Amino acid sequence: MKKYFLTLALIAMAAISTATLRAEDTNVVTTNGVSVAPAPVTPPAPAATLEQRIASLEAYISNGDPIAALKDTNGVVATSSIVSSLVNSTGGTSPAPGPGHNAWLLTSTALVLFMTLPGLALFYGGMVRKKNVLSVLAQCFLITGLVTILWVFVGYGMIFGGTNAPEKEDVVKGIIGSPSICWMLKNVTSAPNGNYSYWVSENVFAMFQLMFAIITPALILGAIAERMKFKAVLVFMTLWMVVVYFTQGHMVWGINGLMNGVWNAKASIHAIDFAGGTVVHMTSGWSALILCIILGKRRGFGKTNFAPHSLVLTYIGTGMLWVGWYGFNSGSACAADVVAANAFTTTTIATAIASFVWPMWEWIVKGKPSVLGFCSGAVAGLVVITPACGFVTPEGSIYIGLTAGTICWFMCYKVKGWLGYDDALDTFGVHAIGGTVGAIMTGMLARNSVNANLATNLKAYVTDSYFQPLVWEQLKAVGITIVLSVVATAVIAFITNLLVGLRVSDEVEEVGLDESEHGEVGYHG
């Protein structure tokens, strides 16, 4: 019996030894008898030290990168509750979103939507004749839904998708982003995307930027009010968003962008645009000029009284725009930090000064300051400070306010009449000219003391002087923006006219777009 037990024991020991040797063997026989090396076992990341955790918390206060503090010399990220279990659209490791920064951008997102619905709708709606007021409201709502659909499917990815590898990711390097990246917001989660914000959820950032995309084509409506077909607006705006806005947005704000001077070290043009001087105001304003010229003047232009039917609505809309613009400008810091605070300050100063200067010029020239002048001056100030608000000092914003209230007033008061174009609600004079002036003045007035991010890739361009090298970069960006907007708008208008026609009939224009195209009227009795 002992022999049997001894034999079994020896067999068991041999089996255990064999199994151990096989486990330690680097060559394991797999399917079809082929020997392959097993996958190396990655040791678990070490827990973050107290010093690392404190450094990550300090990054939250300063709006810095919390992940950098958790990495060792080999790039291994220590485990910490600050690291999110979610993955962003780049597939990278992300921190959990910061509550304060996220809350500010959520608020800003709502404020920017408030600018269009109902702010811009009332601002423009009050300036048209009463038989066309509903057409303006309907067009604003149309654009809101249309742009959201385009944004979810392709827009966000075409502008903000990518990992700073344009050769592999862009359709045209640095110019046209790929519509397949972030298709239907794939992998756009609540985890932050460090290319744009260390602490704000990427899905919140995507919704924030959506509101910019909504208001931009809506601005064009001011130039073509009272005479463009509703279905033409639908077709034109669809094509315009894809060709103009998504392209311009990618060049200026995308991490792969050709003109993203702040964050793309490989940028060909080292330009800056804090909240949309080129992307929003120049594209919409210059496109508006071309479209209103192609569309032609309103019936009776120069003979019929086209006075605003309700300056009360325009006044209310202006107030909504000003309040919402704090989300537009200050929110573009993508954090509740020192840059956002500066943007809030400079926006207030420039807007208030411009809203004062415009009616003062009216008072001097015409003898009376108008309510429309106060409203137009405020919007002009908001436009011109937009690209600069996060880069200039309060002193710089004073110069911007004075310039906005003067140049934009002169364009609307004199130049518009000299050239004879029918820009119904002064989109070109305020947004195109204001955005262009603002982009150039940003190059002159940007200062390192205001925004430390200027030192990331722009040390050689921002030298804190009026004619610093940045000015030339801004001029190049302005030139590209104008060419893209003008050429694309002309082509898109031609295509739209072939497909559905651009302009309503004389009869429809006479009756009014409200009743003819929507079967409703804004006022009864």
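Nothing here was measured: the structure is a model prediction, and the numbers come from that model. (Residues numbered from 1 in each chain as written. Predicted model: local features only at pLDDT ≥ 70, side-chain atom pairs only at ≥ 80, totals over all residues. Heavy atoms only, no water.)

Trainee: Just checking my understanding: could you explain the overall build of the chain for this structure?
Mentor: Within the chain, the secondary structure is distributed over 17 helices and two strands. Residues classed as buried in the chain amount to 52% of the 525 residues present. For the chain, the proportion of contacts with a sequence separation of at least 24, taken over those separated by at least 6, is 75%. When the accessible surface of the chain is summed, it comes to about 22500 Å², and 67% of that surface belongs to carbon and sulfur atoms. Here the chain contributes 27 positive and 28 negative side-chain charges, whose respective centroids are spaced 4 Å apart. (Helix = DSSP H or I, 4+ residues; strand = E, 2+ residues; numbered from the N terminus. Buried < 20%, exposed > 50% of the residue type's maximum accessible area, 1.4 Å probe, protein only. Contact = heavy atoms within 4.5 Å. Areas by Shrake-Rupley, 256 points an atom, 1.4 Å probe, with all protein chains shown as cover. Lys, Arg positive; Asp, Glu negative; His and termini not counted. Charge placed at Lys NZ, Arg CZ, Asp CG, Glu CD.)

Trainee: Please explain the environment of Thr144 as it appears in this structure.
Mentor: Looking at the secondary structure, you find Thr144 in helix H4 (residues 133-160). Residues Thr144 and Thr481, spaced 337 residues apart in sequence, show a C-alpha to C-alpha distance of 24 Å. Residue contacts for Thr144: discarding those within four places in its chain leaves Leu113, Thr116, Leu117 and Ile214. A polar side-chain atom of Thr144 sits 2.9 Å from the main-chain carbonyl oxygen of Cys140. (Polar contact = N/O pair within 3.5 Å; in protein donor to acceptor, adjacent residues only side chain to side chain.)

Trainee: How do you make sense of helix H6 (residues 202-220) when you look at a structure like this?
Mentor: One turn of the α-helix equals 3.6 residues, which is why residues spaced by three or four share an orientation. With 19 residues, H6 extends 29 Å from end C-alpha to end C-alpha; this agrees with the ideal 27 Å at 1.5 Å per step. The buried count for H6 comes to 17 of 19 residues, which makes it a mostly enclosed element. (Expected span 1.5 Å × (residues − 1).)

Trainee: Mind showing me how you'd approach the packing of aromatic side chains here?
Mentor: For any pair of aromatic rings, the description rests on two quantities: the centre-to-centre distance and the angle between the ring planes. Applying the stated criterion across every chain yields a total of 24 aromatic pairs. With 6.0 Å between their ring centres and 65 degrees between their planes, Trp151 and Tyr156 make a pair best called edge-to-face. The class of Trp151 is buried, set by a relative accessible area of 1%. On the basis of an interplanar angle of 15 degrees and a centroid distance of 5.2 Å, the ring pair of Tyr196 and Phe205 is categorised as stacked. The pair formed by Tyr196 and Phe205 is uniform in burial state, with each residue classed as buried. Through successive ring pairs, a cluster of aromatic residues spans Trp151, Tyr156, Phe160, Tyr196, Phe205, Tyr245 and Phe246. Across from the ring centre of Phe306, 4.1 Å away, lies the NZ or CZ of Arg298, which sits over that ring. (Phe/Tyr/Trp six-rings, centres within 6.5 Å; stacked < 30°, edge-to-face > 60°. Lys NZ or Arg CZ within 6 Å of the ring centre and 35° of its normal.)

Trainee: What exactly am I supposed to notice about the pattern of salt bridges here?
Mentor: For side chains of opposite charge, pairing can occur when their charged atoms come near one another. Taken as a whole, this structure holds ten salt bridges when the rule is applied. Across the pair Asp422 and Arg227 runs a salt bridge whose closest N-O atoms are separated by 4.0 Å. In this pair, Asp422 is assigned in the loop between helix H12 (394-419) and helix H13 (427-445) and Arg227 in the loop between H6 and helix H7 (230-253), connecting sequence segments 195 residues apart. Between Asp506 and Arg299 there is a salt bridge; the shortest N-O distance is 3.9 Å. A residue pair is termed long-range when its members are at least 10 positions apart, and Asp506 in helix H16 (residues 506-511) and Arg299 in the loop between helix H8 (277-295) and helix H9 (311-330) qualify at 207 residues. (Salt bridge = Lys/Arg side-chain N within 4 Å of Asp/Glu carboxyl O.)

Trainee: Would you mind showing me how to read the nonpolar core here?
Mentor: Nonpolar side chains in soluble globular proteins tend to be buried together. Trp151 and Tyr245 are the most contacted members of the largest nonpolar core, which totals 129 residues. The element that contributes the greatest number of residues to this core is H4, accounting for 15 residues. With residues up to four places along the chain from it excluded, the contact list for Trp151 reads Tyr156, Ile159, Phe160, Ala206, Gln209, Leu210, Ala213, Tyr245 and Phe246. Membership of the second largest hydrophobic core comes to eight residues, among which are Ala59, Leu70, Val77 and Ala78. (Core = buried A, V, L, I, M, F, W, Y, C linked by side-chain atoms within 4.5 Å.)

Trainee: Explanation requested: a nonpolar patch on the surface in the structure shown.
Mentor: Among the surface-exposed residues, Val483, Val487, Val491, Phe494, Ile495, Leu498 and Leu499 lie close enough to one another that they form a single nonpolar patch of about 690 Å² accessible area. In this structure, Phe494 sits in helix H15 (residues 470-499). (Patch = residues over 30% accessible without salt bridge, like charges linked within 9 Å, V, L, I, M, F, W, Y side chains within 5 Å.)

Trainee: Quick question: what am I supposed to make of the packing of H12 against H13 here?
Mentor: Between two packed helices, what matters for the description is the angle formed by their axes and the separation of those axes. At a minimum axis distance of 9 Å, the contact between H12 and H13 shows a crossing angle of 150 degrees. Between H12 and H13, the crossing angle belongs to the class labelled roughly antiparallel. Classified by chirality, the crossing of H13 by H12 is right-handed. In this structure, H12 contributes Gly396, Tyr399, Ile400, Thr403, Ile407, Cys408, Met411 and Cys412 to the contact, and H13 contributes Phe428, Gly429, Val430, Ile433, Gly434, Val437, Met441 and Leu445. (Axes fitted to C-alpha atoms, helices over the stretch in contact; angles between N-to-C directions. Parallel < 35°, antiparallel > 145°, perpendicular 65-115°, else oblique. Left-handed = near helix turned anticlockwise from the far one by under 90°.)

Trainee: Any chance you could explain the confidence of the model for the chain here in plain terms?
Mentor: Close reading of the predicted structure is inappropriate where its pLDDT is low. Mean pLDDT over the chain: 92, with 92% of residues reaching 70 or higher. Here residues 4-29 is a poorly scored stretch, pLDDT under 50, and it has ten contacts once near neighbours within four places are set aside; other chains count. (pLDDT = per-residue confidence, 0-100.)

Trainee: When you look at the state of the cysteines in this model, what are you seeing that I'm missing?
Mentor: Two cysteines whose sulfur atoms are joined by a covalent bond form what is called a disulfide. Within this structure, the stated rule accounts for zero disulfides. Lacking any disulfide linkage, Cys182 is separated from the closest cysteine sulfur, that of Cys334, by 16 Å. Classification of Cys182 as buried rests on a relative accessible area of 7%. Not part of a disulfide, Cys412 finds its nearest cysteine sulfur in Cys408, a span of 6.7 Å. (Disulfide = S-S within 2.5 Å.)

Trainee: Help me out: how do you make sense of the packing of helix H11 (residues 371-385) against H13 in this one?
Mentor: As a packed pair, H11 and H13 sit with axes 7 Å apart at the nearest point and diverge in direction by 40 degrees. On the basis of the axis angle, H11 is oblique to H13. In the crossing of H11 with H13, the sense of the turn from one axis to the other is right-handed. Of the residues in H13, those touching H11 at Val379, Ala380, Val383 and Val384 are Val430, His431, Gly434, Gly435, Val437 and Gly438.

Trainee: Where do I start with unusual backbone geometry in this structure?
Mentor: It is generally the case that most residues other than glycine have a negative phi and that most peptide bonds are trans. Backbone torsion omega between Leu117 and Pro118 reads 10 degrees, so that peptide bond is classified as cis. Mapped onto the elements of the fold, Pro118 is located in helix H3 (residues 99-127). Although it is not a glycine, Cys182 sits at a positive phi angle of roughly 60 degrees. Positionally, Cys182 belongs in the loop between helix H5 (166-169) and H6.

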